[in-house]
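Residue-level structure breakdown
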Amino acid sequence: SPVVAVNPPSEVRPGSVGRPLPNVDVEIRTANLEGIGEIWVRGASVTPGYLNNEQATREILEDGWLRTGDLGRVDSDGFLFITGRSKDLIVTSAGKNVYPDEVEFAYKELHFIKELCVLAIPMLREAGDAVHAVVVVDRDASPHTDRSSLDREIRSAAAAIADSLPTHQRIAAFHFWDRELPRTSTMKAKRAVIREMLLAEGQRATSDPAHADDASVDAGDSAGVDEQSPASKAVLGILARQSGRPVESIGPMMNLLLDLGIDSIGRIDVIGQ
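Quick notes on the rules
Residues numbered from 1 in each chain as written. Predicted model: local features only at pLDDT ≥ 70, side-chain atom pairs only at ≥ 80, totals over all residues. Heavy atoms only, no water. Helix = DSSP H or I, 4+ residues; strand = E, 2+ residues; numbered from the N terminus. Buried < 20%, exposed > 50% of the residue type's maximum accessible area, 1.4 Å probe, protein only. Contact = heavy atoms within 4.5 Å. Areas by Shrake-Rupley, 256 points an atom, 1.4 Å probe, with all protein chains shown as cover. Pairing = 2+ DSSP bridges. Axes fitted to C-alpha atoms, helices over the stretch in contact; angles between N-to-C directions. Phe/Tyr/Trp six-rings, centres within 6.5 Å; stacked < 30°, edge-to-face > 60°. Lys NZ or Arg CZ within 6 Å of the ring centre and 35° of its normal. 1 Å grid on protein atoms, 1.4 Å probe; cavity = no way out; pocket = protein on both sides within 12 Å on 5 of 7 lines; lining within 4 Å. Points joined across faces, edges and corners; volume = space filled by probe spheres on them. Nonpolar A, V, L, I, M, F, W, Y, C, P; charged D, E, K, R; others polar.

**Quick look at the overall build of the protein**
Within the protein, the regular secondary structure consists of six helices and 12 strands. Among the 273 residues that make up the protein, the fraction classed as buried is 41%. Taking the contacts inside the protein whose residues are at least 6 apart along the sequence as the reference set, 56% of them involve residues at least 24 apart. About 14,700 Å² of surface is accessible on the protein, with carbon and sulfur atoms providing 52% of the total.

**Regarding the sheet that holds strand β12 (residues 173-177)**
Neighbouring strands of a sheet are bound in pairs by backbone hydrogen bonds; such pairs are parallel or else antiparallel. Strands sit in the order β10-β11-β12 across an open sheet of three strands; the sheet is mixed. At either margin of the open sheet sits one strand with a lone partner, and together these are β10 (113-122) and β12. On average, each strand axis in the sheet is inclined to that of its neighbour by 25°, with strand direction left out of account. Pairing geometry for strand β11 (residues 129-137) and β12, over five bridges, is parallel. Bridge pairing in β12 links H132 to A173.

**Description of the packing of aromatic side chains**
One pass over the structure, following the stated rule, counts one aromatic pair. Pairing F174 with F176 gives two aromatic rings, centres 6.3 Å apart and planes at 20°, and the pair type is stacked. On the accessibility criterion, F176 (13% relative accessible area) is buried. Geometry around F81 places R73 over its ring, the cationic atom sitting 4.2 Å from the centre.

**Section: the side chain of T57**
Relative to the helices and strands, T57 resides in helix α1 (residues 54-60). Take T57: its relative accessible area is 16%, and that puts it in the buried class. Residues in contact with T57, not counting those within four places in the same chain, are P48, G49 and Y50.

**What about the layout of surface pockets?**
The calculated volume of the second largest pocket comes to roughly 470 Å³. In terms of lining, the second largest pocket is formed by 18 residues, of which the most central are R85, D88, K188, A189 and R191. Here the element with the most residues in the lining of the second largest pocket is strand β7 (residues 80-85); it accounts for four residues. Within the lining of the second largest pocket, the residues separate by chemical class into five nonpolar, three polar and 10 charged.

**Observations concerning the pairing of strand β6 (residues 65-74)**
Sheet topology note: the strand β4 (residues 37-43)/β6 ladder contains four bridges and is antiparallel. The partner of E38 across the bridge, within β6, is L71. Where strand β5 (residues 61-62) meets β6, two bridges bridge the pair, whose relative direction is antiparallel. Bridge assignment links L61 to a residue of β6, and that residue is L66. Hairpin connection from β5 to β6: two residues lie between these consecutive antiparallel strands, with D63 at a positive phi of about 55°.

Structure follows, in structure tokens:
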């Protein structure tokens, strides 16, 4: 389908793709409580289907409506907002819908980042997905800083941003890459391809935020903490049980969310122990 909606010059709505054109019908199908659902489009400008391929046509068209595969909502003034692709939707173990584009926007102010891609990674011990991020570090932004320090700086800044976000929108694990992200011809990150590359690496970190063993934090960085004291051993044991990680892989300087995958609900469990 060609142009569906346009922002009128006299009434631009930030974040919106505009109002549908007069000869184009737009509906939001199977909308959730936030009003977000799949965008369906109908009109004279919509393709009648694939040439000599009825099966492919049936997959995208129904009674003249084009199933775009895009997720979005329409506000009270009729402006259309696109929140992402249905195939990229992340459904957490708590049943929350997370839209990768929105998470990427929330973390857009991270320093030392050249590329950032948010995607779903299935959890190991329960149903649902975890919100992961693949990061390509911009080494030119701070050429005299060693890599581990840059990674730590990024993770620290991400933790600060996470404090202002709902729990389900927080990035649970980071994967730092030295190579560029694969992209489409329109320069969009190929989330499905990146996800398969992560899973193919066979790292336990790619399947559960509690196993983020690609983290840059040094578990041995004790910062003066006596890990052999009874109190330290007790705390490390609690964190190991909660995160599912071996005690020896947990260090005092690790972040509960970004390193161990322990969110706000998990913290309550930790405190209760």
